[in-house]
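Working through the structure, step by step
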Amino acid sequence: MSRAAQFHEEESLGKAYDARLMRRLISYVAPYKGLAAGAVALIVLSSVLQLVGPLATAVALDLYMRPAADAAVGADGSDGGASISAAAVLVRDVLAERGLSPTPEEGVAAVSAVYLASLLLTFLVLYVQSYLMQMMGQHIMYDLRRQLFRRLQRLPVSYFDKNPIGRLVTRVTTDVDALNELFTAGLVSIFGDVVLLAGIVGVLFWLNWKLALVTFAILPLLLALTLWFKVRARQSYREVRVKIARINAFLQEHITGMPVLQLFNREERAFDEFSEINRDHRHANVRAIFYYAVYYPAVELITALGIGLIVWYGGLRVIDGVLSLGALIAFLQYAQRFYQPLSDLSDKYNILQAAMAASERTFRVLDRPAEIVSPEGAYRPEGWPPTGSGRGAVGVEGTIAFEDVRFS
């Protein structure tokens, strides 16, 4: 590697998760803990609301569209249709206790209204939650950038001789953006996905534990594919970050130093160097795109295989009369909602990895001791600096006069 390449080389990535760095990042949330607590409560509520739709569909099918004979619950000794049929019977008993006996048309309309209400409420909850997280993320970015810029102003000139300006600009812009993504789309979303997955697992085992095991049969394939993608994506992400840092540093130095570049007639050589750096960046992105192009279609293929297993096994149980049609439809809906967060977790992993790397580099700048400080007992003119604000005239005798000066 050439000396220039070493100069533009980014620091190596640390661990994908560092508890020490995470604790320090969480400290930036402390001033906005009210926003964070509200967002967490809303994401839990939205996860619960997303469990309502499939159950409402199953109750409508079992109770109104295709009621079981004599509403027998577990009469055949099975544990499949009994669970969801028990839920349908429970709804019917509650209605009977209140003196309500809706017709099938009215029952379907009522269940549809519940389903629609859950969707609308989920939309409203997710909207408010997203607004709160984005608001918190913007405040945290503001605080971080203020700290970084204040620290950069107190570092010695020798520091800027050893660190390309393009890299320092990346610290204040791109790295802070990566941390903002962690706060707005990473931590809370991961928590929400975990709550949703736990709720779906519980409901599926409650409906039919055998069919639930069939649903989870594809998990080893998904986990193996995700682990493969995680390793490859980490490597490709590291490479892309190095290349973009080199581009930023090269552009900053050569644009600001353009008079010197033209003075020594190095335009063509600089163009060739930039073309090589740009080509390396393109190749790194193409390799990263390849891993994504393999991963997501493979996830879709595996989830389609899981849906096929549910239709095959569940359909046979429906034909045998040991599983209600409503339970099978609910399983299909829950399975789709279960597989989606699993594939999204890989994206959340990338967000976490980017935030860990960005926080490590950001804190390295913030932790560097400030060397431009006023010495103890430094001379100050009497009455300086002024406090408060006011109007006055300050001047140098016979030469300059400044009017309307405000001090704050």
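Residues numbered from 1 in each chain as written. Predicted model: local features only at pLDDT ≥ 70, side-chain atom pairs only at ≥ 80, totals over all residues. Heavy atoms only, no water.

**Thoughts on the pattern of salt bridges**
Applying the stated criterion to the full structure yields 9 salt bridges. Arg 317 is the salt-bridge partner of Asp 320, the closest N and O atoms lying 3.0 Å from each other. Pair noted here: Asp 320 and Arg 317 are both in helix H14 (residues 267-320), with a separation of 3 residues, about one helical turn. Of the residues examined, Arg 317 reaches a relative accessible area of 22% and is grouped as partly exposed. (Salt bridge = Lys/Arg side-chain N within 4 Å of Asp/Glu carboxyl O. Helix = DSSP H or I, 4+ residues; strand = E, 2+ residues; numbered from the N terminus. Buried < 20%, exposed > 50% of the residue type's maximum accessible area, 1.4 Å probe, protein only.)

**Section: the nonpolar core**
Counting 38 residues, the largest nonpolar core has Leu 25, Met 136, Ile 140, Leu 144 and Leu 182 as the members making the most contacts within it. Elements that contribute at least two residues to this core include exactly helix H2 (19-27), helix H3 (33-49), helix H6 (104-152), helix H8 (165-172), helix H9 (174-185) and helix H15 (325-366). Of all hydrophobic cores here, the second largest spans 36 residues; its members include Ala 212, Ala 233, Tyr 295 and Ile 310. (Core = buried A, V, L, I, M, F, W, Y, C linked by side-chain atoms within 4.5 Å.)

**A few points about the packing of H3 against H6**
In a pair of packed helices, the angle between the axes and the distance between the axes together describe the arrangement. Direction vectors running N to C along H3 and H6 enclose 155°, while the axes themselves pass 9 Å from each other. The orientation of H3 with respect to H6, classified from their angle, is roughly antiparallel. In this structure, H3 crosses over H6, and the sense of that crossing is left-handed. Packed against H3, whose contacting residues are Leu 35, Ala 36, Gly 38, Ala 39, Leu 42, Ile 43, Leu 45, Ser 46 and Leu 49, the element H6 presents Ser 118, Leu 121, Thr 122, Val 125, Leu 126, Val 128, Gln 129, Leu 132, Met 133, Met 135 and Met 136 at the interface. Residues belonging to the contact of H3 with H6 are distributed by class as follows: 15 nonpolar, 5 polar and no charged. (Axes fitted to C-alpha atoms, helices over the stretch in contact; angles between N-to-C directions. Parallel < 35°, antiparallel > 145°, perpendicular 65-115°, else oblique. Left-handed = near helix turned anticlockwise from the far one by under 90°. Contact = heavy atoms within 4.5 Å. Nonpolar A, V, L, I, M, F, W, Y, C, P; charged D, E, K, R; others polar.)

**Focus: the environment of Leu 222**
Along the chain, the position of Leu 222 falls in helix H12 (residues 219-256). Distance in space between the C-alpha atoms of Leu 222 and Thr 303 is 8.5 Å, their sequence separation being 81 residues. Here Leu 222 is in contact with Val 299, Ile 302, Tyr 339 and Leu 342, once residues within four sequence places are set aside.

**Remarks on the packing of aromatic side chains**
Applying the stated criterion across every chain, the model contains 14 aromatic pairs. Connected via pairs of aromatic rings, a cluster forms that spans Phe 205, Phe 216, Phe 338 and Tyr 339. For the cation-ring pair, Arg 24 lies above Phe 363, with the distance from its terminal atom to the ring centre recorded as 4.1 Å. For the cation-ring pair, Arg 317 lies above Tyr 313, with the distance from its terminal atom to the ring centre recorded as 4.7 Å. (Phe/Tyr/Trp six-rings, centres within 6.5 Å; stacked < 30°, edge-to-face > 60°. Lys NZ or Arg CZ within 6 Å of the ring centre and 35° of its normal.)

**Looking at a nonpolar patch on the surface**
Together, Leu 121, Phe 123, Leu 124, Tyr 127, Val 128, Tyr 131 and Met 135 make up a nonpolar patch on the protein surface, roughly 700 Å² of accessible area in all. Within the secondary structure, Val 128 sits in helix H6. (Patch = residues over 30% accessible without salt bridge, like charges linked within 9 Å, V, L, I, M, F, W, Y side chains within 5 Å. Areas by Shrake-Rupley, 256 points an atom, 1.4 Å probe, with all protein chains shown as cover.)

**A look at the packing of helix H4 (residues 52-65) against H6**
Two numbers describe how H4 lies on H6: the axes approach to 9 Å, and their chain directions differ by 180°. The angle between H4 and H6 falls in the class roughly antiparallel. Facing H4, whose interface residues are Val 52, Gly 53, Ala 56, Thr 57, Ala 60, Tyr 64 and Met 65, H6 presents Pro 104, Gly 107, Val 108, Val 111, Val 114, Tyr 115 and Ser 118.

**Quick look at the side chain of Ser 359**
For Ser 359, the position within the fold is in helix H15. Ser 359 gets classed as buried once you look at its relative accessible area, which sits at 0%. Setting aside residues no more than four positions away along its own chain, Ser 359 makes contact with Leu 21, Leu 25 and Leu 179.

**Re the environment of Leu 207**
Residue position: Leu 207 is located in helix H10 (residues 187-207). Placed 120 residues apart in sequence, Leu 207 and Ala 327 show a C-alpha to C-alpha distance of 6.8 Å.

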